[in-house]
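# Breakdown of the fold
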Amino acid sequence: QVFDSWAGHLDESAFIEFAMKYQKQVISSIKARHPDTPIIIYMAPDTYSKNGQRLSLLAETGADIVSIDHTIDLQEARNIIPDHIGIQGNLDPHILRDGSHDQIRAVTEKCLKVGNGKHHTMAKI
């Protein structure tokens, strides 16, 4: 997994210049050495990345899967990210930490229903 915890602080032009091109290089290098290994990219939610603001650009990095955070609706994320790219995540960490068993079950079932086996996994906490 390529995890970029600070890129969400960059506006779009700075992100493209200082983060995205290096994300692409890292992913390309991994794929050259391990072509059958799926690569996941994740950007922590922040000023410029929450609510799915960078999902379309993350989908252009060459990663096989884009990991999404809880600040965007799963169906909206699926509409942004092309179908050939998988998505993972979307469970709210606050619900996972503080929610009741019923709340956790409800949000999990919602993710499963929306994901509906279409290149979606929730195995990210």
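Residues numbered from 1 in each chain as written. Predicted model: local features only at pLDDT ≥ 70, side-chain atom pairs only at ≥ 80, totals over all residues. Heavy atoms only, no water.

### Here's the deal with unusual backbone geometry
Phi is mostly negative for residues that are not glycine, and the peptide bonds are mostly trans. Even without glycine at this site, Asn51 takes up a positive phi of about 60°. Following the sequence through the fold, Asn51 ends up in the loop between strand 2 (40-43) and helix 2 (55-58). (Helix = DSSP H or I, 4+ residues; strand = E, 2+ residues; numbered from the N terminus.)

### Topic: the pattern of salt bridges
Enumeration over the complete set of coordinates arrives at four salt bridges. Note that Asp73 and Lys110 form a salt bridge whose closest N and O atoms lie 3.8 Å from each other. Of the two residues, Asp73 sits in the loop between strand 3 (65-68) and helix 3 (74-80) while Lys110 sits in helix 5 (residues 101-115), which places them 37 residues apart along the sequence. The exposure class of Asp73 is partly exposed, given its relative accessible area of 37%. (Salt bridge = Lys/Arg side-chain N within 4 Å of Asp/Glu carboxyl O. Buried < 20%, exposed > 50% of the residue type's maximum accessible area, 1.4 Å probe, protein only.)

### So, the nonpolar core
Residues Phe15, Ile41, Leu55, Leu58, Val66, Ile68 and Ile81 are the most contacted members of the largest nonpolar core, which totals 24 residues. Counting residues per element, this core draws most heavily on helix 1 (residues 12-33), which supplies four residues. Once you skip the residues sitting within four places of it in the chain, Val66 turns out to touch Ile41, Leu55, Leu58, Ala59, Ile81, Ile85, Gly86, Ile87 and Gln88. (Core = buried A, V, L, I, M, F, W, Y, C linked by side-chain atoms within 4.5 Å. Contact = heavy atoms within 4.5 Å.)

### A look at the side chain of Thr61
Structurally, Thr61 is set in the loop between helix 2 and strand 3. We classify Thr61 as buried; its relative accessible area is 4%. Looking at Thr61, its side chain comes within polar contact range of the main-chain oxygen of Leu58, at 2.7 Å. A distance of 3.4 Å separates a polar side-chain atom of Thr61 from the backbone nitrogen of Ala63. Setting aside residues up to four positions removed in sequence, Thr61 forms contacts with Met20, Gln23, Lys24, Ile27 and Ile41. (Polar contact = N/O pair within 3.5 Å; in protein donor to acceptor, adjacent residues only side chain to side chain.)

### Side note on the environment of Ile40
Within the secondary structure layout, Ile40 lies in strand 2. Taking the C-alpha atoms as reference points, Ile40 and Leu58, separated by 18 residues in sequence, lie 9.9 Å from one another. If near-sequence neighbours (up to four positions away) are discounted, Ile40 is found in contact with Gln1, Val2, Ile65, Ser67 and Gln88.

### Observations regarding the pairing of strand 4 (residues 86-89)
Two faces make up the sheet, and in a regular strand the side chains alternate between them. Note that strand 3 and strand 4 share four bridges and pair parallel. Opposite Val66, over in strand 4, you have Ile87 as the bridge partner. Crossover strand 3 to strand 4 through helix 3 is right-handed. (Pairing = 2+ DSSP bridges. Right-handed = clockwise from strand over helix to strand, strands pointing away.)

### Some details on the environment of His34
Relative to the helices and strands, His34 resides in the loop between helix 1 and strand 2. Each C-alpha atom of the pair His34 and Leu91 lies 29 Å from the other, and the pair is 57 residues apart in sequence.

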